[in-house]
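Spelled out from the first residue to the last, the chains are:
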Amino acid sequence: MTGWTREEIAARAALDIPDGAYVNLGIGQPERVADLIPAGREIILHSENGILGMGASPAPGDTDMELINAGKKPVTLVPGGAFFHHADSFAMIRGGHIDVCILGAFEVTCAGDIANWSSGGNAAPAVGGAMDLVAGAREVRVIMSHRTASGHPKLVETLTLPATGLGVVKRIYTELAVLDPAGDGFRLVELGPDVDLPALERATGAPILAS
Amino acid sequence: MIDKRFSNALGALHDVPDGATILISGFGEAGNPTELIHALIEQGARDLTVVNNNAGNGEIGLALLLKEQRVRKIVCSFPRGSHSHVFDELYRAGRLELELVPQGTLAERIRAAGAGIPAFYTPTGVGTEIARGKETRSFGGRDYLLETALSADFALIKAERADRWGNLLYNKAARNFAPVMAMAAKVTIVQTRHVLEPGDLDPETIVTPSIFVDRIVHVPDPVRESDHLAALDKARAA
């Protein structure tokens, strides 16, 4: 079982973004999508900290720490890009103006519930813009690893961690597959390279439904 | 003549009392008023409530203010960072109170305070632990949470250009929380890289109008947090 690399997962997610969409990218794996927009598409990337028209990573040595993404890493601005303050940025999010947002997640359920802000225990929680995004973006998608570092499924029937939002996730990209939460299980959209269905089922904490 | 300039940061912060609530601009490194925070450390006020998106990185600026134990409570959305060890240690030891607020709710609570709106309903956080203890009301068949305005005694913000009246322009994504924070504090103190005369800024492009600004400090060459973090990493590796 090989599956996709992290870069290939992000590229697969980028492939699903339609021309002309306004797209927010969350912290972590979703940040990679900015570098993998398919040629020939005009997609306007939104960054919660006040950027529309966020571009790819800059060349080494050409970084500006006052032009950074949600993950605090340096980015660029495309021609036509704009800056604005935080209340306007979240008006775009909460006000339903963002077509697609792509988030990272600790857990997603087959009902589309997502947990990505609190890992429990005595570690400090960190919510950022995730709750605003799941409440306001027109479509929520997730890029995540299929299992935890210790091998437990992260695609599950019921959240074990505090929810960020309920019934909001429409599509999930992992190293093993592209899946859509479909109520009773995850509907298989695409298997990763050299991944077979039994292996995917073993790695997933809820039924896999045929596409 | 209106002249809001102070000759140094310590002078601009002379009247911050113990127990004050302070809004501090910045998202990650971008827009942090590091020199104003260092002057606040020198000034000595303690038992502070600080509002920032994050909770400091490395041992500079807000992280240093926390390390010096001047802060009783921090209100923020994302205290996790690449170098947030000062916050982590204080939080785990129970020596720093945390109020975690979703980022858009944080921005809107500050904006509301500046706009004279005492509270508002938002869809953010419905059905989560954030909703606990908050009034929920349905509009058009959807549930919303009541969130209250977040005002403050002082705001410390960073601008790129200011005229002596206090009209402000920012640099790229360093704008972030500064315009709403400038509106929401009784006293707004700005550190700026460039100081100009009224009329020098194009009125069509002014982002923060001077009415929201009280004091201006010229900091032409602010410290870069990324340099500090790189030095910290190098020292640890050695």
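The coordinates are above.
Residues numbered from 1 in each chain as written. Chains lettered and ligands numbered in written order. Predicted model: local features only at pLDDT ≥ 70, side-chain atom pairs only at ≥ 80, totals over all residues.

*Asks:* Now, about the overall build of chain A: what can you tell me, with residues and values included?
*Replies:* When you go through chain A residue by residue, the secondary structure sums to 4 helices and 13 strands. The globule rule puts the C-alpha radius of gyration for 211 residues at 17 Å, and the 17 Å found for chain A is close to it. Expressed as lengths along the three principal axes of its C-alpha atoms, the size of chain A is roughly 45 × 35 × 30 Å. Residues classed as buried in chain A amount to 49% of the 211 residues present. Within chain A, residue pairs in contact and separated by at least 24 positions form 63% of the contacts whose partners lie at least 6 positions apart. (Helix = DSSP H or I, 4+ residues; strand = E, 2+ residues; numbered from the N terminus. Rg over C-alpha atoms; globule rule 2.2 N^0.38 Å. Buried ≥ 20, exposed ≤ 12 C-beta atoms within 10 Å, placed from the backbone. Contact = placed C-beta atoms within 7 Å.)

*Asks:* So, the sheet that holds strand β7 (residues 136-139) of chain B: which residues are in play, and what are the values?
*Replies:* All names here are of chain B. Taking strand neighbours across the sheet as the criterion, the 3 strands line up as β6-β8-β7 in an open arrangement whose pairing is antiparallel. Either end of the sheet is taken by a strand with one partner, and the two such strands are β6 (119-122) and β7. Each adjacent strand pair in this sheet contributes to an overall mean axis angle of 40°, direction not counted. Along the sheet face, helix α5 (residues 103-115) touches β6 and β8 (142-148) and points at about 150° away from the line of β6. (Pairing = 2+ DSSP bridges. Axes fitted to C-alpha atoms, helices over the stretch in contact; angles between N-to-C directions.)

*Asks:* So, the interface of chain A and chain B: which residues are in play, and what are the values?
*Replies:* Taken together, the contact pairs 32 residues of chain A with 39 residues of chain B. Broken down by secondary-structure element, the contributors of at least two residues to the side of chain A that touches chain B are α2 (86-94) and α3 (130-136) of chain A. Among the elements that line the side of chain A that touches chain B, the one with the most residues is α2(A), at 5 residues. Here the residues of the side of chain A that touches chain B sort into 17 nonpolar, 9 polar and 6 charged. (Nonpolar A, V, L, I, M, F, W, Y, C, P; charged D, E, K, R; others polar.)

*Asks:* Help me get a handle on the sheet that holds strand β5 (residues 100-103) of chain A, residues and values and all.
*Replies:* Residues and elements named next belong to chain A. Read across the sheet, 10 strands follow the order β4-β3-β2-β1-β5-β8-β10-β11-β12-β13 without closing on themselves; strand pairing throughout is mixed. For this open sheet the edge positions go to β4 (77-83) and β13 (208-209), each flanked by a neighbour on one side alone. Sheet analysis places strand β1 (residues 22-25) next to strand β2 (residues 44-47), joined by 3 bridges and oriented parallel. Note that in β2 the partner of valine 23 across the bridge is leucine 45.

*Asks:* Describe the pairing of strand β3 (residues 48-51) of chain B, naming the residues involved and giving the relevant values.
*Replies:* Residue and element names in this part refer to chain B. Here strand β2 (residues 21-24) pairs with β3 via 3 bridges, running parallel. Counted as the bridge partner of threonine 21 is threonine 49 from β3. What joins β2 to β3 is helix α2 (residues 34-43), and the crossover it makes is right-handed. Relative to strand β4 (residues 71-76), β3 runs parallel, the two sharing 4 bridges. (Right-handed = clockwise from strand over helix to strand, strands pointing away.)

*Asks:* For helix α4 (residues 85-92) of chain B, give the residues involved together with the corresponding values.
*Replies:* Residues and elements named next belong to chain B. Of all the positions in α4, only Val86, Phe87, Leu90 and Tyr91 are classed as buried. Along α4, the residues classed as buried sweep out an arc of 120° about the axis, all on the same side. In this structure, the buried side of α4 is in contact with α3 (62-67) and β5 (97-100). Two residues or fewer after α4 comes glycine 94, characterised by a positive phi angle close to 70°. (Arc of directions from axis to C-beta.)

*Asks:* I'd like to hear about helix α1 (residues 6-15) of chain A, residue by residue, with values.
*Replies:* Turning to α1(A), its buried residues number three or more, namely A:Ile9, A:Ala10, A:Arg12, A:Ala13 and A:Ala14. On its buried face, α1(A) sits against β5, β8 (139-143), β10 (169-173) and β11 (177-181) of chain A.

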